[in-house]
Amino acid sequence: NVIDLTGKLWFSPTVFGRLNGGFADIGGGRLTDDDYGAGQQLDLRTISNLSGNNMYYINADIGGRVKEFANHRGNLDIFGGYQYWHTEHRAVGVGVVVCNPAVFTCSGPLPLPDETSITNKANWHSIRVGASTEYRLTRRLSLIGTAALIPLSLIENKDIHHLRTSGPDALQQNPSISMLGIGVGADADLGARFMITKNIGLNVGYRVWWNHAVDGKVTFHGVSGSAEYPLVQFDSLRHGLTAGINFAF
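Since the structure is predicted, the reported quantities are computational estimates derived from the model, not experimental observations.

Caption draft 1: Region of the structure containing the layout of surface pockets. Looking at the second largest pocket, its volume works out to about 1700 Å³. If you trace the second largest pocket, you find 50 residues lining it, with Asp 33, Asp 34, Asp 159, Ile 177 and Met 179 closest to the centre. If one sorts the elements of the lining of the second largest pocket by residue count, strand E3 (residues 30–37) sits on top with eight residues. Tallied by class, residues from the lining of the second largest pocket come to 27 nonpolar, 13 polar and ten charged.

Now the structure itself:
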(Lines give C-alpha, C1' and ligand atoms only; values in the text may rest on other atoms or scores of the structure.)
Protein backbone atom coordinates (compact mmCIF):
# COMPACT_ATOMS: atom_id res chain seq x y z
CA ASN A 1 0.00 0.00 0.00
CA VAL A 2 1.61 3.21 -1.25
CA ILE A 3 1.16 6.69 0.18
CA ASP A 4 1.57 9.06 -2.77
CA LEU A 5 1.76 12.87 -2.73
CA THR A 6 1.89 15.22 -5.74
CA GLY A 7 2.31 18.97 -6.00
CA LYS A 8 1.83 20.88 -9.25
CA LEU A 9 2.76 24.56 -9.54
CA TRP A 10 1.85 26.74 -12.53
CA PHE A 11 4.62 29.23 -13.31
CA SER A 12 2.47 30.77 -16.05
CA PRO A 13 -0.87 29.89 -17.71
CA THR A 14 0.95 27.32 -19.87
CA VAL A 15 4.06 26.19 -17.96
CA PHE A 16 4.12 24.06 -14.79
CA GLY A 17 6.43 22.10 -12.52
CA ARG A 18 5.37 18.91 -10.79
CA LEU A 19 6.91 16.94 -7.94
CA ASN A 20 5.56 13.51 -7.04
CA GLY A 21 6.73 11.05 -4.39
CA GLY A 22 5.54 7.88 -2.76
CA PHE A 23 6.61 5.33 -0.17
CA ALA A 24 5.40 1.99 1.12
CA ASP A 25 6.14 -1.07 3.19
CA ILE A 26 5.58 -4.30 1.27
CA GLY A 27 3.16 -6.38 3.32
CA GLY A 28 4.78 -9.72 2.60
CA GLY A 29 5.58 -12.24 -0.08
CA ARG A 30 8.03 -14.88 -1.14
CA LEU A 31 11.48 -14.74 -2.72
CA THR A 32 12.64 -17.57 -4.98
CA ASP A 33 16.41 -17.78 -5.50
CA ASP A 34 17.67 -19.95 -8.38
CA ASP A 35 21.29 -20.90 -9.10
CA TYR A 36 22.10 -22.33 -12.53
CA GLY A 37 25.23 -24.17 -13.59
CA ALA A 38 26.71 -25.08 -16.96
CA GLY A 39 24.14 -25.91 -19.61
CA GLN A 40 21.48 -23.94 -17.72
CA GLN A 41 21.08 -26.76 -15.21
CA LEU A 42 19.17 -25.73 -12.10
CA ASP A 43 21.56 -26.62 -9.26
CA LEU A 44 19.80 -24.90 -6.38
CA ARG A 45 16.37 -23.42 -5.71
CA THR A 46 15.47 -21.97 -2.34
CA ILE A 47 12.42 -20.08 -1.09
CA SER A 48 12.31 -17.48 1.67
CA ASN A 49 9.63 -15.29 3.21
CA LEU A 50 9.85 -11.54 2.65
CA SER A 51 10.00 -9.30 5.70
CA GLY A 52 11.06 -5.73 6.47
CA ASN A 53 10.75 -4.48 2.90
CA ASN A 54 10.25 -0.97 1.57
CA MET A 55 9.77 0.99 -1.64
CA TYR A 56 9.90 4.70 -2.48
CA TYR A 57 10.08 6.87 -5.59
CA ILE A 58 10.40 10.49 -6.75
CA ASN A 59 9.24 12.02 -10.04
CA ALA A 60 10.29 15.58 -10.96
CA ASP A 61 8.75 16.99 -14.16
CA ILE A 62 8.55 20.21 -16.15
CA GLY A 63 5.67 20.56 -18.58
CA GLY A 64 3.34 22.76 -20.53
CA ARG A 65 -0.27 22.97 -21.72
CA VAL A 66 -0.53 22.41 -25.46
CA LYS A 67 -4.29 22.21 -26.01
CA GLU A 68 -7.58 23.31 -24.49
CA PHE A 69 -10.55 21.24 -25.66
CA ALA A 70 -13.59 23.00 -27.05
CA ASN A 71 -16.44 24.04 -24.71
CA HIS A 72 -14.13 23.84 -21.67
CA ARG A 73 -14.17 20.05 -21.90
CA GLY A 74 -10.57 19.60 -20.77
CA ASN A 75 -6.94 19.92 -21.74
CA LEU A 76 -3.77 18.20 -22.89
CA ASP A 77 -0.35 18.69 -21.23
CA ILE A 78 3.08 17.38 -22.17
CA PHE A 79 6.00 16.94 -19.77
CA GLY A 80 9.49 15.58 -19.29
CA GLY A 81 11.55 14.80 -16.23
CA TYR A 82 13.42 12.42 -13.97
CA GLN A 83 12.29 9.35 -12.01
CA TYR A 84 14.05 7.60 -9.14
CA TRP A 85 12.55 4.28 -8.04
CA HIS A 86 13.98 2.30 -5.11
CA THR A 87 12.84 -1.14 -3.96
CA GLU A 88 14.32 -3.21 -1.16
CA HIS A 89 13.49 -6.78 -0.19
CA ARG A 90 14.75 -8.62 2.88
CA ALA A 91 14.22 -12.38 2.84
CA VAL A 92 14.26 -14.50 6.00
CA GLY A 93 14.68 -18.24 6.44
CA VAL A 94 15.48 -20.79 3.73
CA GLY A 95 13.48 -23.66 2.32
CA VAL A 96 15.33 -25.94 -0.11
CA VAL A 97 13.29 -27.01 -3.13
CA VAL A 98 16.05 -28.25 -5.49
CA CYS A 99 19.68 -28.99 -4.60
CA ASN A 100 22.52 -30.59 -6.58
CA PRO A 101 24.89 -32.22 -4.02
CA ALA A 102 27.75 -32.14 -6.54
CA VAL A 103 27.71 -28.32 -6.39
CA PHE A 104 26.14 -27.31 -3.07
CA THR A 105 26.02 -28.65 0.47
CA CYS A 106 22.50 -30.01 0.62
CA SER A 107 22.44 -31.44 4.14
CA GLY A 108 22.69 -29.90 7.58
CA PRO A 109 20.49 -27.60 9.67
CA LEU A 110 18.55 -24.84 7.96
CA PRO A 111 18.62 -21.21 9.15
CA LEU A 112 16.04 -20.06 11.67
CA PRO A 113 12.76 -18.80 10.14
CA ASP A 114 13.53 -15.20 11.18
CA GLU A 115 17.21 -15.23 10.18
CA THR A 116 18.03 -12.88 7.29
CA SER A 117 19.13 -14.85 4.22
CA ILE A 118 19.09 -12.37 1.30
CA THR A 119 18.84 -8.59 1.04
CA ASN A 120 18.14 -7.12 -2.39
CA LYS A 121 18.19 -3.42 -3.33
CA ALA A 122 17.21 -2.19 -6.79
CA ASN A 123 17.51 1.45 -7.92
CA TRP A 124 16.19 2.74 -11.25
CA HIS A 125 17.29 6.19 -12.49
CA SER A 126 15.13 7.15 -15.48
CA ILE A 127 14.47 9.95 -17.94
CA ARG A 128 10.83 10.07 -19.01
CA VAL A 129 8.64 12.06 -21.43
CA GLY A 130 4.88 11.92 -21.69
CA ALA A 131 1.46 13.53 -21.75
CA SER A 132 -1.44 14.06 -19.34
CA THR A 133 -5.04 14.75 -20.23
CA GLU A 134 -8.41 15.41 -18.64
CA TYR A 135 -11.72 15.21 -20.51
CA ARG A 136 -14.91 16.34 -18.76
CA LEU A 137 -17.96 14.19 -19.38
CA THR A 138 -20.12 16.40 -17.16
CA ARG A 139 -19.49 19.42 -14.95
CA ARG A 140 -18.43 17.09 -12.11
CA LEU A 141 -17.20 13.89 -13.78
CA SER A 142 -14.12 13.64 -16.00
CA LEU A 143 -11.73 11.03 -17.37
CA ILE A 144 -8.02 11.50 -16.58
CA GLY A 145 -4.91 9.82 -17.90
CA THR A 146 -1.13 10.04 -17.99
CA ALA A 147 1.26 8.08 -20.18
CA ALA A 148 5.05 8.34 -20.18
CA LEU A 149 7.79 6.65 -22.15
CA ILE A 150 11.16 5.99 -20.55
CA PRO A 151 13.75 6.05 -23.36
CA LEU A 152 16.67 5.67 -20.98
CA SER A 153 17.07 4.05 -17.56
CA LEU A 154 20.01 3.05 -15.41
CA ILE A 155 19.52 0.03 -13.12
CA GLU A 156 21.73 -0.55 -10.08
CA ASN A 157 20.94 -3.80 -8.30
CA LYS A 158 22.79 -5.32 -5.34
CA ASP A 159 22.29 -8.58 -3.43
CA ILE A 160 23.72 -9.62 -0.10
CA HIS A 161 23.64 -13.39 0.46
CA HIS A 162 24.09 -13.37 4.23
CA LEU A 163 24.47 -17.14 4.61
CA ARG A 164 27.08 -17.74 1.88
CA THR A 165 30.10 -16.88 3.98
CA SER A 166 32.06 -20.14 3.77
CA GLY A 167 32.60 -23.12 1.50
CA PRO A 168 33.13 -23.33 -2.27
CA ASP A 169 30.06 -21.17 -2.97
CA ALA A 170 31.06 -18.40 -0.51
CA LEU A 171 30.36 -14.81 -1.54
CA GLN A 172 31.51 -11.46 -0.24
CA GLN A 173 29.10 -9.37 1.78
CA ASN A 174 27.68 -6.01 0.70
CA PRO A 175 27.46 -6.76 -2.10
CA SER A 176 27.57 -10.43 -2.91
CA ILE A 177 26.18 -9.88 -6.41
CA SER A 178 25.92 -6.55 -8.22
CA MET A 179 24.26 -5.60 -11.49
CA LEU A 180 24.59 -2.48 -13.61
CA GLY A 181 22.64 -1.94 -16.81
CA ILE A 182 20.68 0.37 -19.06
CA GLY A 183 17.08 -0.03 -20.13
CA VAL A 184 13.75 1.38 -21.22
CA GLY A 185 10.28 1.48 -19.74
CA ALA A 186 6.82 3.03 -19.57
CA ASP A 187 4.40 4.47 -17.01
CA ALA A 188 0.63 4.77 -17.33
CA ASP A 189 -2.21 6.05 -15.13
CA LEU A 190 -5.86 5.87 -16.17
CA GLY A 191 -8.86 6.92 -14.09
CA ALA A 192 -11.75 9.20 -13.34
CA ARG A 193 -12.27 12.32 -11.22
CA PHE A 194 -15.47 13.42 -9.49
CA MET A 195 -15.54 17.03 -8.30
CA ILE A 196 -17.23 17.41 -4.92
CA THR A 197 -16.81 21.17 -4.98
CA LYS A 198 -15.18 23.56 -7.43
CA ASN A 199 -11.74 22.92 -5.87
CA ILE A 200 -11.96 19.43 -4.33
CA GLY A 201 -12.19 16.18 -6.30
CA LEU A 202 -12.02 12.44 -5.71
CA ASN A 203 -9.83 10.31 -8.01
CA VAL A 204 -9.90 6.57 -8.73
CA GLY A 205 -7.83 4.70 -11.28
CA TYR A 206 -5.24 2.12 -12.16
CA ARG A 207 -1.45 2.53 -12.44
CA VAL A 208 1.21 0.49 -14.24
CA TRP A 209 4.99 1.04 -14.04
CA TRP A 210 7.41 -1.10 -16.03
CA ASN A 211 11.18 -0.92 -16.47
CA HIS A 212 13.23 -3.34 -18.57
CA ALA A 213 17.01 -3.68 -18.88
CA VAL A 214 18.34 -4.15 -22.41
CA ASP A 215 22.07 -4.44 -21.65
CA GLY A 216 24.42 -4.63 -18.70
CA LYS A 217 26.68 -6.77 -16.58
CA VAL A 218 26.42 -8.99 -13.49
CA THR A 219 29.33 -9.38 -11.10
CA PHE A 220 29.58 -12.24 -8.60
CA HIS A 221 31.84 -11.11 -5.76
CA GLY A 222 33.41 -14.33 -4.51
CA VAL A 223 35.60 -14.52 -1.45
CA SER A 224 38.58 -15.64 -3.53
CA GLY A 225 37.81 -13.56 -6.64
CA SER A 226 35.06 -12.08 -8.81
CA ALA A 227 33.43 -13.16 -12.06
CA GLU A 228 31.53 -10.98 -14.54
CA TYR A 229 28.74 -12.02 -16.92
CA PRO A 230 26.31 -10.29 -19.31
CA LEU A 231 23.02 -9.12 -17.82
CA VAL A 232 20.40 -10.74 -20.04
CA GLN A 233 17.21 -9.97 -18.12
CA PHE A 234 16.09 -7.57 -15.40
CA ASP A 235 12.53 -6.26 -15.12
CA SER A 236 10.63 -4.26 -12.52
CA LEU A 237 6.82 -4.24 -12.78
CA ARG A 238 4.40 -2.64 -10.35
CA HIS A 239 0.68 -2.09 -10.89
CA GLY A 240 -2.48 -1.62 -8.87
CA LEU A 241 -5.56 0.40 -8.05
CA THR A 242 -5.26 4.04 -7.01
CA ALA A 243 -7.59 6.31 -5.04
CA GLY A 244 -7.03 9.84 -3.81
CA ILE A 245 -8.25 13.35 -3.24
CA ASN A 246 -7.35 16.36 -5.37
CA PHE A 247 -7.16 19.99 -4.17
CA ALA A 248 -6.89 22.98 -6.54
CA PHE A 249 -5.95 26.45 -5.26
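Caption draft 2: Quick look at the state of the cysteines. Under the criterion given, the structure shown has one disulfide. Paired by a disulfide, Cys 99 and Cys 106 hold their sulfur atoms 1.9 Å apart. Where Cys 99 bonds to Cys 106 through sulfur, the torsion about that S-S bond is close to -85°, and the disulfide is left-handed. Judged by its relative accessible area of 37%, Cys 106 falls in the partly exposed class.

Caption draft 3: Structural detail: the nonpolar core. By size, the foremost hydrophobic cluster in this structure holds 15 residues, and its most contacted members are Trp 85, Trp 124, Ile 155, Met 179, Ala 213, Leu 231 and Phe 234. Contributions of two or more residues to this core are made by strand E5 (53–68), strand E7 (116–136), strand E9 (177–195) and strand E10 (200–222). Looking at which element gives the most residues to this core, the answer is E10, with three residues. Ignoring anything within four residues of it in the chain, the contact list for Phe 234 reads Ala 122, Trp 124, Ile 155, Asn 157, Met 179, Asn 211, His 212 and Ala 213.

Caption draft 4: Structural detail: unusual backbone geometry. Of the consecutive residues Asn 174 and Pro 175, the connecting peptide bond is found in the cis state with omega at 0°. Position of Pro 175 among the secondary structure elements: in the loop between strand E8 (141–161) and E9. Despite not being glycine, Gln 40 shows a phi value in the positive range, around 55°. Counting through the fold element by element, Gln 40 comes out in the loop between E3 and strand E4 (41–50). Despite not being glycine, Asn 174 has its phi angle at roughly 60°, a positive value. Looking at the secondary structure, you find Asn 174 in the loop between E8 and E9.

Caption draft 5: Geometry of the environment of Ser 226. The topology assignment puts Ser 226 in strand E11 (residues 225–230). Judged by relative accessible area, Ser 226 falls into the exposed class, the value being 51%. Residue contacts for Ser 226: discarding those within four places in its chain leaves Thr 219, Phe 220 and His 221.

Caption draft 6: Focus on the pairing of E11. Of all the six residues making up E11, zero are buried; the element is thus mostly uncovered. Here six bridges tie E10 to E11, and the two strands are oriented antiparallel to one another. Across the sheet, the residue bridging to Gly 222 is Gly 225, located in E11. From the end of E10 to the start of E11, which pair antiparallel, there are two residues.

Caption draft 7: Looking closely at the packing of aromatic side chains. This structure, assessed with the given rule, holds seven aromatic pairs. Between Tyr 57 and Trp 209, the ring centres sit 4.6 Å apart and the planes meet at 70°, which makes this aromatic pair edge-to-face. Here the residue Tyr 57 occupies a position in strand E5, and Trp 209 occupies one in strand E10, the gap between them amounting to 152 residues. Of the two residues, Tyr 57 and Trp 209, both sit in the buried class. Between Trp 124 and Phe 234, the ring centres sit 6.0 Å apart and the planes meet at 65°, which makes this aromatic pair edge-to-face. Of the two residues, Trp 124 sits in strand E7 while Phe 234 sits in the loop between E11 and strand E12 (235–247), which places them 110 residues apart along the sequence.

Caption draft 8: Summary view of the pattern of salt bridges. Going through the model one piece at a time under the given rule, you end up with twelve salt bridges. Salt-bridge contacts for Arg 18 lead to Asp 61; the nearest nitrogen and oxygen are separated by 3.4 Å. Taken as a pair, Arg 18 in strand E2 (residues 15–26) and Asp 61 in strand E5 lie far apart in primary sequence, 43 residues in all. Asp 61 carries the same exposure label as Arg 18, and that label is buried. A salt bridge links Arg 128 to Asp 187; the shortest N-O distance between them is 3.2 Å. With a gap of 59 residues between them, Arg 128 in strand E7 and Asp 187 in strand E9 connect regions that are remote in the sequence. Residue class for Arg 128 comes out buried when judged on its relative accessible area of 8%.

Rules used throughout
Residues numbered from 1 in each chain as written. Predicted model: local features only at pLDDT ≥ 70, side-chain atom pairs only at ≥ 80, totals over all residues. Heavy atoms only, no water. 1 Å grid on protein atoms, 1.4 Å probe; cavity = no way out; pocket = protein on both sides within 12 Å on 5 of 7 lines; lining within 4 Å. Points joined across faces, edges and corners; volume = space filled by probe spheres on them. Helix = DSSP H or I, 4+ residues; strand = E, 2+ residues; numbered from the N terminus. Nonpolar A, V, L, I, M, F, W, Y, C, P; charged D, E, K, R; others polar. Disulfide = S-S within 2.5 Å. Buried < 20%, exposed > 50% of the residue type's maximum accessible area, 1.4 Å probe, protein only. Core = buried A, V, L, I, M, F, W, Y, C linked by side-chain atoms within 4.5 Å. Contact = heavy atoms within 4.5 Å. Pairing = 2+ DSSP bridges. Phe/Tyr/Trp six-rings, centres within 6.5 Å; stacked < 30°, edge-to-face > 60°. Salt bridge = Lys/Arg side-chain N within 4 Å of Asp/Glu carboxyl O.

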